[in-house]
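# Structure at a glance
What follows is each chain in one-letter form.
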Amino acid sequence: MIIKTVYAASIPFTPRPALGALRVSGALLVAQGLACKRGERLLWRGVDFSLEAGGVLHIIGANGIGKSSLLRIIAGLLPAMAGSVACDGGVALLDENPALDRDRTLKGALGFWGQVDGQSGVDAALDAVGMAALADVPMRYFSTGQRKRAALARLLVQNAPIWLLDEPSNGLDHSGVTMLEALIETHRAGGGCALIASHQPLTLADMQTLALSDYIGISSGLGSIHDPEIPENKVSA
């Protein structure tokens, strides 16, 4: 069990028992009362959701609204202004920076992170993303779409139950998007879950949606923040 909790004195907040919520609901991921601030601007607040095994939640919103920030908060890479996050199991983040050494071969770059993460399965991951034939090619020669497939292979090698996917279909052609959807569905069928921020449509069974525009904060622009009333949970199917 991995528990991450953040609080902020600037927004009145009564912490709730995230760990207890996990134990009661059987969820892999629970976010409660999350708020995000960029500079002096409150982006959103009062974000609540949970994901159980097999669940998938699509985060939507305009550019700059804070979709990537939400995923980075869940991953523990960005402090939240308020709220709590509880994760039952490992978390893997896919974003525009896969951190695969461009001077290593594809297999070598994935193998490096496999050793760091204490995981194996590089060959199986390369097969799954259709890159097995390019295993010995240096990363620097790959196209945008091939680099995205390589990033997805790294995601598979991490073997984490909680996937955080930031614009996962960017750079992929039609067959690549179909492959991505199949990978997500296989991950869900195996007991994992996925939190996805994407402007591109994805065809996934029983996918729920959370619009960050429903949680927008209001800033005066002068450094003081006027907090709107916290909205009720607005996750929709």
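Quick summary incoming for the structure in this document. (Residues numbered from 1 in each chain as written. Predicted model: local features only at pLDDT ≥ 70, side-chain atom pairs only at ≥ 80, totals over all residues. Heavy atoms only, no water.)

A word on the overall build of the protein chain. The number of helices and strands found in the protein chain is 6 helices and 11 strands. Burial statistics for the protein chain: of 237 residues in total, 46% are counted as buried. In the protein chain, the share of contacts with a sequence separation of at least 24, taken over all contacts with a separation of at least 6, comes to 70%. Looking at the protein chain as shown, the accessible area adds up to about 11,100 Å², and 52% of this sits on carbon and sulfur atoms. (Helix = DSSP H or I, 4+ residues; strand = E, 2+ residues; numbered from the N terminus. Buried < 20%, exposed > 50% of the residue type's maximum accessible area, 1.4 Å probe, protein only. Contact = heavy atoms within 4.5 Å. Areas by Shrake-Rupley, 256 points an atom, 1.4 Å probe, with all protein chains shown as cover.)

Further remarks concern the sheet that holds strand 4 (residues 56–60). Within a sheet, neighbouring strands are paired by backbone hydrogen bonds and run either parallel or antiparallel to one another. Pairing is parallel across the open sheet formed by 5 strands, whose spatial order is 6-7-8-4-9. Among the strands making up the open sheet, the edge pair consists of strand 6 (91–94) and strand 9 (208–211). Averaged over neighbouring strand pairs, the angle between their axes works out to 15° when direction is ignored. Where strand 4 meets strand 8 (residues 193–197), 4 bridges bridge the pair, whose relative direction is parallel. Residue Leu57 lies in a different strand from strand 8, and its bridge partner there is Leu195. Contacts from helix 2 (residues 67–75) reach strand 4, strand 6, strand 7 (162–166) and strand 8 within the one sheet, and its direction differs from that of strand 7 by about 155°. (Pairing = 2+ DSSP bridges. Axes fitted to C-alpha atoms, helices over the stretch in contact; angles between N-to-C directions.)

Here we come to unusual backbone geometry. The phi dihedral of Asn159 falls on the positive side, at around 55°, and the residue is not glycine. By the secondary structure assignment, Asn159 is in the loop between helix 5 (144–158) and strand 7. Phi is positive for Glu167, which is not a glycine, with a value near 50°. Among the structural elements, Glu167 can be located in the loop between strand 7 and helix 6 (174–189).

Moving on, we come to the nonpolar core. Generally speaking, nonpolar side chains in soluble globular proteins are found buried as a group. By size, the foremost hydrophobic cluster in this structure holds 35 residues, and its most contacted members are Leu106, Leu152, Ile184 and Ile196. Among the secondary structure elements, those contributing two or more residues to this core are strand 6, helix 3 (106–117), helix 4 (122–128), helix 5, strand 7, helix 6 and strand 8. Per-element accounting of this core gives the leading share, 6 residues, to helix 5. Every residue in contact with Ile196, bar those within four places of it in the chain, is listed here: Val56, Leu57, His58, Ile59, Leu165, Pro168, Ile184, Leu202 and Leu204. With 28 residues, the next largest nonpolar core counts Leu29, Leu34, Leu57 and Ala197 among its residues. (Core = buried A, V, L, I, M, F, W, Y, C linked by side-chain atoms within 4.5 Å.)

The subject of this paragraph is helix 3. Taking 1.5 Å of rise per residue, 12 residues should cover 16 Å, and helix 3 covers 17 Å from first to last C-alpha, within 8% of that figure. Along helix 3, the residues classified as buried are Leu106, Ala109, Leu110 and Gly114. The buried residues of helix 3 occupy an angular sector of 140° when projected down its axis, which confines them to one face. Where helix 3 is buried, its residues meet helix 4 and helix 5. Following helix 3 by one or two positions, Gly118 adopts a phi angle in the positive range, close to 70°. (Expected span 1.5 Å × (residues − 1). Arc of directions from axis to C-beta.)

This part takes up the packing of aromatic side chains. Overall, the coordinates contain 1 aromatic pair when judged by the stated rule. Aromatic pair Phe112 and Trp113: ring centres 5.2 Å apart, planes at 80°, arrangement edge-to-face. Sitting over the ring of Trp113, Arg154 keeps its end group 4.0 Å from the ring centre. (Phe/Tyr/Trp six-rings, centres within 6.5 Å; stacked < 30°, edge-to-face > 60°. Lys NZ or Arg CZ within 6 Å of the ring centre and 35° of its normal.)

For the rest of this paragraph, the subject is the packing of helix 5 against helix 6. Interhelical geometry of helix 5 versus helix 6 gives an angle of 10° and a closest axis separation of 12 Å. Classified by the angle their axes make, helix 5 and helix 6 are roughly parallel. In this structure, helix 5 uses Arg149, Leu152 and Leu156 to contact helix 6, whose residues at the interface are Ser175, Gly176, Met179, Leu180 and Leu183. For the contact of helix 5 with helix 6, a count of residues per class yields 5 nonpolar, 2 polar and 1 charged. (Parallel < 35°, antiparallel > 145°, perpendicular 65-115°, else oblique. Nonpolar A, V, L, I, M, F, W, Y, C, P; charged D, E, K, R; others polar.)

Now for the pairing of strand 8. For strand 8, the tally of buried residues reaches 5 of 5 residues, placing the bulk of the element in the interior. Judged by which residues are buried, strand 8 turns out to be covered on both faces: Cys193, Leu195 and Ala197 on one side and Ala194 and Ile196 on the other are all buried. As judged from the 5 bridges shared by strand 7 and strand 8, these two strands associate in the parallel manner. Bridge assignment links Ile162 to a residue of strand 8, and that residue is Cys193. The parallel pair strand 7 and strand 8 is bridged by helix 6, and the resulting crossover is right-handed. (Right-handed = clockwise from strand over helix to strand, strands pointing away.)

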